[in-house]
Amino acid sequence: MDEFSFIDLIKQKTYRQPSIIRGIGDDAAVFRQSSQDIVTAVDTFVEDVHFSRSTMSPFHIGYRSLAANISDLSAMGAKPAFYLVSIVIPSSWKEDDLDGLYKGMADLGAAYQMDLIGGDTVSGNELALSITVIGFVNSDKVRYRHTAKPGDVVFVTGTLGDSAAGFHILTNPGEYLDQAYYSRRHRMPTIRVDFASELENLSRVTLNDISDGIANEANEIAEDSHVNLTVYEEKLPVSQNYNQFPESQQSKWQLYGGEDFELLGTVPSQDWDELKDIADRTQTPVTEVGYVSKNTDNGHYVWLVDRQQTNKLLEKKGYTHLK
Ligand SMILES: Nc1ncnc2c1ncn2[C@@H]1O[C@H](COP(=O)(O)OP(=O)(O)OP(=O)(O)O)[C@@H](O)[C@H]1O
Ligand SMILES: Cc1ncc(C[n+]2csc(CCOP(=O)(O)O)c2C)c(N)n1
Ligand SMILES: [Mg+2]
Ligand SMILES: [Mg+2]
Ligand SMILES: [Mg+2]
């Protein structure tokens, strides 16, 4: 199959978004938007860095790659609308594999009324996928990392450490409880689209999505907001039977594992009840894990109160490229 028949194959027959003027088929895509702010992000996924063929099917690779991108839109409070896919295809990837990969993206895209409106196709030595997402948010309702204030409640959605636990199961075959659940949390992470966009009526919410690990993302909020964050280790939510994993790994995965694509945020304490209502309405588990305080010496610290009630500095470390 050549490049052009491939593009024909992956092209949507119809589009869902009303603002689309031209999707796939010209030098670029066109959409028209007047009343909302446009939010856009790109993330790249490379074989043997972000996924391996032994732990992920092509469908999973497509699904998770788009999920990771949509997660960034949610972390901005935006609703997803469009995506563009740039792909490097090695000769070992057959038509069926590519079909599965695009189906993974298309299934998730369809669930959120997204349209695939463009991309690029080249051949190369290993599979690499770069997805650009575009979303909309009502003017001035974008949720940034720099808006946390002393007194805010710190919260997370869902549970932490599941993706790393799922990866552990997939790479260390054995007998585990809830094996299918954990594998799914790694391969098809839950994203918090409805919760994030329904926060719109709250006057102030700080959001960041957990791609590298909560230690990293909490530090990003502290630095950008010029505040300190305190997080209680015993409050960090875990899934059922999480205690089956090696004890030395449990807290490491929760703090530094990454790829959970849950949201870490802060909200003024008077809005906590309203946030909980929105969480209930959108069936999103939300847990209070700590609080924001004033930073007194420009250090922007994240403190972790461990299970022995000892205050420790939670360093900004997690998954980093170009170490
Ligand atoms: N190579 C690059 N060129 C231009 N801007 C970049 C580049 N890499 C990252 N950025 C920008 O830096 C900021 C932080 O990017 P980063 O990738 O760390 O965030 P993220 O996508 O939320 O995290 P992750 O990639 O771990 O999911 C974003 O504004 C991003 O657009
Ligand atoms: C085969 C394989 N090896 C390692 C990992 C773990 N991993 C890769 S990238 C990343 C952080 C997010 O990346 P980015 O910052 O690029 O979004 C993590 C935790 C994996 N998923 N698969
Ligand atoms: Mg990125
Ligand atoms: Mg992010
Ligand atoms: Mg990263």
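Residues numbered from 1 in each chain as written. Chains lettered and ligands numbered in written order. Predicted model: local features only at pLDDT ≥ 70, side-chain atom pairs only at ≥ 80, totals over all residues. Heavy atoms only, no water.

You'll find the protein entered in an unreviewed UniProt entry as Thiamine-monophosphate kinase, with Lentibacillus salinarum given as the organism. Under the UniProt heading Pathway (unreviewed entry), the entry covering the protein gives this text: "Cofactor biosynthesis; thiamine diphosphate biosynthesis; thiamine diphosphate from thiamine phosphate: step 1/1." (UniProt positions renumbered as here; feature names shortened; annotations may be inferred.)

K.L.:
So what's going on with the site of ligand 1? Which residues, and what values?
P.N.:
Around ligand 1, the neighbouring residues are Asp43, Asp72, Arg145, Ser211 and Asp212. A distance of 2.9 Å separates an oxygen atom of ligand 1 from a polar side-chain atom of Asp43. A distance of 3.2 Å is found between an oxygen atom of ligand 1 and a side-chain nitrogen or oxygen belonging to Asp212. In isolation ligand 1 offers 620 Å² of accessible surface; the protein chains occlude 31% of this area. Grouping the constituent residues of the shell around ligand 1 by class yields no nonpolar, one polar and four charged. (Near = heavy atom within 4 Å. Polar contact = N/O pair within 3.5 Å; in protein donor to acceptor, adjacent residues only side chain to side chain. Areas by Shrake-Rupley, 256 points an atom, 1.4 Å probe, with all protein chains shown as cover. Nonpolar A, V, L, I, M, F, W, Y, C, P; charged D, E, K, R; others polar.)

K.L.:
Residues and numbers for the sheet that holds strand E6 (residues 128-138), please.
P.N.:
Pairing in this open sheet of four strands is mixed, and the strands run E3-E6-E4-E5 from one edge to the other. Edge positions in the open sheet fall to strand E3 (36-46) and strand E5 (115-123), since each of these has one partner strand only. Pairs of neighbouring strands in the sheet enclose a mean axial angle of 15 degrees, with direction left out of account. As paired elements, E3 and E6 share 11 bridges and run antiparallel to each other. Its bridge partner being in E6, Ile38 is matched across the sheet by Phe136. This element, helix H1 (residues 3-10), spans strand E4 (79-89) and E5 of the sheet and lies at about 155 degrees to E5. Lying on the sheet, helix H3 (residues 95-111) is in contact with E4, E5 and E6; it crosses E4 at an angle near 170 degrees. (Pairing = 2+ DSSP bridges. Helix = DSSP H or I, 4+ residues; strand = E, 2+ residues; numbered from the N terminus. Axes fitted to C-alpha atoms, helices over the stretch in contact; angles between N-to-C directions. Contact = heavy atoms within 4.5 Å.)

K.L.:
Describe the coordination of the magnesium ion (ligand 5), and please don't skip the residues or the numbers.
P.N.:
The coordination sphere of the magnesium ion (ligand 5), as far as protein atoms go, consists of Asp212 (OD) and Asp212 (OD), spread over 2.4 to 2.7 Å. By the secondary structure assignment, Asp212 is in the loop between strand E8 (206-209) and helix H7 (214-225). (Donors = N, O, S within 2.8 Å, 3.2 Å for Na, K, Ca; no water.)

K.L.:
I'd like a rundown of the UniProt feature "binding site: Mg(2+) 1" (unreviewed entry) in the protein, residues and numbers included.
P.N.:
The residues that UniProt annotates with the feature "binding site: Mg(2+) 1" (unreviewed entry) are Asp43 and Asp120. Non-local contacts of Asp43, meaning those with residues more than four positions away in its chain, are made with Ala68, Asn69, Asp72, Leu129, Ser130 and Ile131. Within the fold, Asp120 resides in strand E5. On the basis of relative accessibility, which here comes to 43%, the residue Asp120 falls in the partly exposed class. Ignoring anything within four residues of it in the chain, the contact list for Asp120 reads Val85, Ser86 and Ile87. (Buried < 20%, exposed > 50% of the residue type's maximum accessible area, 1.4 Å probe, protein only.)

K.L.:
I'd love a proper account of the packing of aromatic side chains, names of residues and values included.
P.N.:
Note on aromatic pairs: each is described by the distance of the centres and the angle between the planes. Applying the stated criterion to the full structure yields 14 aromatic pairs. Here Tyr301 and Trp303 contribute two aromatic rings whose centre-to-centre distance is 5.6 Å and whose plane-to-plane angle is 55 degrees, an arrangement assigned as tilted. Residue Trp303 is classed as partly exposed on the basis of its relative accessible area, which comes to 28%. Chaining the aromatic ring pairs together yields one cluster made of Tyr176, Tyr181, Tyr182, Tyr242, Phe245 and Trp253. When the ring centre of Trp93 is taken as reference, the NZ or CZ atom of Arg53 above it lies at 4.2 Å. (Phe/Tyr/Trp six-rings, centres within 6.5 Å; stacked < 30°, edge-to-face > 60°. Lys NZ or Arg CZ within 6 Å of the ring centre and 35° of its normal.)

K.L.:
Can you explain H3? Please cite residues and give values.
P.N.:
Because an α-helix packs 3.6 residues into every turn, residues spaced three or four apart end up facing the same way. Compared with the 24 Å implied by 1.5 Å per residue over 17 residues, the 24 Å span of H3 between its first and last C-alpha is a close match. Along H3, the residues classified as buried are Asp97, Leu98, Gly100, Leu101, Tyr102, Gly104, Met105, Leu108 and Gly109. For H3, the secondary structure elements touched by its buried residues are H1, helix H2 (58-74), E4, E5 and E6. Two residues or fewer after H3 comes Gln113, characterised by a positive phi angle close to 60 degrees. (Expected span 1.5 Å × (residues − 1).)

K.L.:
Which residues make up the environment of Asp96, and what are the values?
P.N.:
Looking at the secondary structure, you find Asp96 in helix H3. The exposure class assigned to Asp96 is exposed, which follows from its relative accessible area of 66%. Linking Asp96 and Ser293, residues 197 residues apart in sequence, is a C-alpha distance of 53 Å.

K.L.:
Describe the pattern of salt bridges, listing the residues and the values that go with them.
P.N.:
Within the structure shown, the criterion is met by 13 salt bridges. Across the pair Glu259 and Arg64 runs a salt bridge whose closest N-O atoms are separated by 3.3 Å. On the criterion of sequence distance, the pair formed by Glu259 in the loop between helix H8 (247-257) and strand E10 (263-267) and Arg64 in helix H2 is long-range, its members being 195 residues apart. Residue Arg64 is classed as buried on the basis of its relative accessible area of 5%. Across the salt bridge formed by Asp306 and Lys312, the nearest N and O atoms sit 3.4 Å from each other. According to the relative accessible area criterion, Asp306 is buried, its value standing at 6%. On the basis of relative accessibility, which here comes to 43%, the residue Lys312 falls in the partly exposed class. (Salt bridge = Lys/Arg side-chain N within 4 Å of Asp/Glu carboxyl O.)

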